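Residue-level listing of the chains:
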Amino acid sequence: MKRFWLAVATMAVCTAAGAQQAATHKWTIVVHGGAGVIERVALGPEGDKAYRKSLTEATMAGAKILDAGGTALDAVEATLHVLEDDPLFNAGRGAVFTAEGKNEMDSSIMDGATLKAGAVAGVTKTRHPISLARAVMDKSPYVMMVGPGADNFGAKQGLKQEPPSWFFTESRWQALVKQLAKEGKPIPPRPEGVPPEPGKTVPVAFYYDEAADPRSHGTTGVVVLDRNGNLAAGTSTGGLQGKMPGRVGDSPIIGAGTYASNQSCAVSATGSGEYFIRLGVAREICNLVRFKGMKIQDAADEVIHHELEALHGDGGVIALTPDGQTAFSFNTPGMFRARLAEGGKITVGIYNDEQ
Ligand code: ASP
């Protein structure tokens, strides 16, 4: 009997300590929707409003999970589902096209608590590539899978598969056509099952001249801290517009486009992927935090404004530490972004003169 009460008392103390520990972590979420030549004039008031609304919706989807005590990984997935389904962003539906007129998508996710990670590249069928990356992490012995093998694995895991017409958007198609024409390259046939050429009327929102900046806009990413103090990061993209089929960027490369460790920070990147891979941008930022004791904003700025710029790369990152410090850093005119911490107010930004 005495032993029973001792056990109950010990449990009570442990629970109180656990609760106290949990209470010290307020959740935080930081989202990006791509960096590039994103300017007020080109976006216009309507485009500006539409992007801010979408970024808010995605952030709130993750926040809802965190507020209910959910995990950072679940919040990453929920946030990116919204952006992957939103035609405004270059991920899932709305992904840019390869030079052959296909959507080849890349994605990755990382758990800061365990350093487990999952990634997929060149997938064409899975509606939510971030969930496929998560399935690779949780349900396979691998970290990375590519192409049809990855899609097939997703189908077997019950992940929704879609035809090319699901991922197709008229605005991305027209941007591809414009780019290929400018480069004197052949224009591929429109994908099967999509509506015929609309003539001059483009029905889907087409807010800025992407052909002026062929590096794609709208890669999506999120970094999250949950109430248990765990970090997670995820990134999802269609990659570069007009890319050669088979090209893979930084977004599915752990340590380049995505990284999370409870020891240092969580990062998701967007930009000219080849440079981000060469610099191992996401891991580099976390290493500066961990081994040099740098503040997250300083670490992110060091990598983006010094190391990346030295190579003439462009793009940006979002970053978050286990104690809830956040950072945005980008060397482009704009980066779609949002952040929200428990009990605070959401901030959404687009241009480089905003907070
Ligand atoms: N980083 C992505 C890639 O290189 C593209 C982007 O973020 O805009 O595939």
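Read on for a plain summary of the structure.

Cut-offs used in this document
- Residues numbered from 1 in each chain as written.
- Predicted model: local features only at pLDDT ≥ 70, side-chain atom pairs only at ≥ 80, totals over all residues.
- Heavy atoms only, no water.
- Helix = DSSP H or I, 4+ residues; strand = E, 2+ residues; numbered from the N terminus.
- Buried < 20%, exposed > 50% of the residue type's maximum accessible area, 1.4 Å probe, protein only.
- Contact = heavy atoms within 4.5 Å.
- Areas by Shrake-Rupley, 256 points an atom, 1.4 Å probe, with all protein chains shown as cover.
- Near = heavy atom within 4 Å.
- Polar contact = N/O pair within 3.5 Å; in protein donor to acceptor, adjacent residues only side chain to side chain.
- Nonpolar A, V, L, I, M, F, W, Y, C, P; charged D, E, K, R; others polar.
- Disulfide = S-S within 2.5 Å.
- Phe/Tyr/Trp six-rings, centres within 6.5 Å; stacked < 30°, edge-to-face > 60°.
- Core = buried A, V, L, I, M, F, W, Y, C linked by side-chain atoms within 4.5 Å.
- Expected span 1.5 Å × (residues − 1).
- Arc of directions from axis to C-beta.
- Pairing = 2+ DSSP bridges.
- Axes fitted to C-alpha atoms, helices over the stretch in contact; angles between N-to-C directions.
- 1 Å grid on protein atoms, 1.4 Å probe; cavity = no way out; pocket = protein on both sides within 12 Å on 5 of 7 lines; lining within 4 Å.
- Points joined across faces, edges and corners; volume = space filled by probe spheres on them.

When helices and strands are tallied, the protein shows ten helices and twelve strands. Classification of the 355 residues of the protein by burial places 53% in the buried group. Considering only contacts in the protein between residues 6 or more positions apart, those separated by 24 or more positions represent 69%. Approximately 15100 Å² of the protein is accessible, and the part contributed by carbon and sulfur atoms is 58%.

So, about the site of the ligand. Neighbouring the ligand are eleven residues, the closest being Thr219, Arg247, Asp250, Thr270 and Gly271. In this structure, Asp250 approaches the ligand through a side-chain N or O atom, which is 2.6 Å from a nitrogen atom. Residue Gly271 places a main-chain N or O atom 2.7 Å away from a nitrogen atom belonging to the ligand. Looking at the shell around the ligand residue by residue, the classes come out as no nonpolar, eight polar and three charged.

Per the counting criterion, the structure on display carries one disulfide. Through a disulfide, Cys265 is tied to Cys286; the S-S separation comes to 2.3 Å. Here Cys265 and Cys286 share a disulfide; its torsion about the S-S bond, -110 degrees, makes the bridge left-handed. Within this pair, whereas Cys265 is found in the loop between strand S7 (258–260) and strand S8 (266–271), its partner Cys286 is found in helix H9 (residues 281–292), the two being separated by 21 residues in sequence. For Cys286, a relative accessible area of 0% corresponds to the buried category.

The subject of this paragraph is the packing of aromatic side chains. By convention here, two paired aromatic rings are described through the distance between centres and the angle between planes. All told, the structure shown has six aromatic pairs when counted by the stated rule. Taking 5.4 Å as the distance between ring centres and 90 degrees as the angle between the ring planes, the aromatic pair formed by Tyr51 and Phe89 counts as edge-to-face. Of the two residues, Tyr51 is situated in helix H2 (residues 40–67) and Phe89 in the loop between helix H3 (72–85) and strand S2 (105–111); the sequence distance between them amounts to 38 residues. Judged by its relative accessible area of 0%, Phe89 falls in the buried class. Between Phe89 and Phe336, the aromatic rings sit 6.3 Å apart at their centres with planes inclined by 80 degrees, giving edge-to-face as the arrangement.

Grouped together as the largest cluster of nonpolar side chains are 36 residues, with contacts concentrated most on Val267, Ile285 and Val317. Aside from chain neighbours lying at most four places away, what touches Val317 is Val267, Ser268, Ala269, Phe276, Val281, Ile285, Ala300, Ile304, Ala327, Phe328, Ser329 and Met335. Listed in part, the 31 residues of the second largest apolar core include Val31, Leu83, Ile130 and Phe336.

Helix length check: H9, at twelve residues, gives a terminal C-alpha distance of 16 Å against a target of 16 Å (1.5 Å per residue), a fit within 8%. All of the buried residues in H9 are Val281, Ala282, Ile285, Cys286, Leu288 and Val289. Down the axis, H9 shows its buried residues gathered within 150 degrees of arc, on one side only. Opposite the packed face of H9, turned more than 90 degrees from it, sit the exposed residues Phe291 and Lys292.

In space, the four strands of this open sheet follow the order S7-S8-S9-S10, with antiparallel pairing throughout. At either end of the open sheet lies a strand with only one pairing partner, and these are S7 and strand S10 (326–330). The sheet shows a mean angle of 10 degrees between the axes of neighbouring strands, direction not considered.

Attention shifts here to the sheet that holds strand S1 (residues 28–36). A sheet is described by the order of its strands in space; here eight strands give the open sequence S4-S3-S2-S6-S5-S1-S11-S12, paired in mixed fashion. This sheet does not close on itself; its edge strands, each paired only once, are strand S4 (144–146) and strand S12 (347–351). Mean inter-strand twist for the sheet, computed between neighbouring axes without regard to direction, equals 10 degrees. Pairing between strand S3 (residues 117–123) and S4: three bridges, direction parallel. Among the inter-strand pairings, Ala119 is bridged to a residue of S4, identified as Met144. Strands in contact with H3 are S1, S2, strand S5 (220–225) and strand S6 (231–237); relative to S6, the strand with the most contacts, it is inclined by about 20 degrees.

Moving on: the layout of surface pockets. The space that makes up the largest pocket amounts to roughly 220 Å³. Along its surface, the largest pocket is lined by 13 residues, and Gly101, Lys102, Asn103, Pro164 and Pro191 are the ones closest to its centre. For the lining of the largest pocket, the per-class residue count stands at six nonpolar, three polar and four charged.

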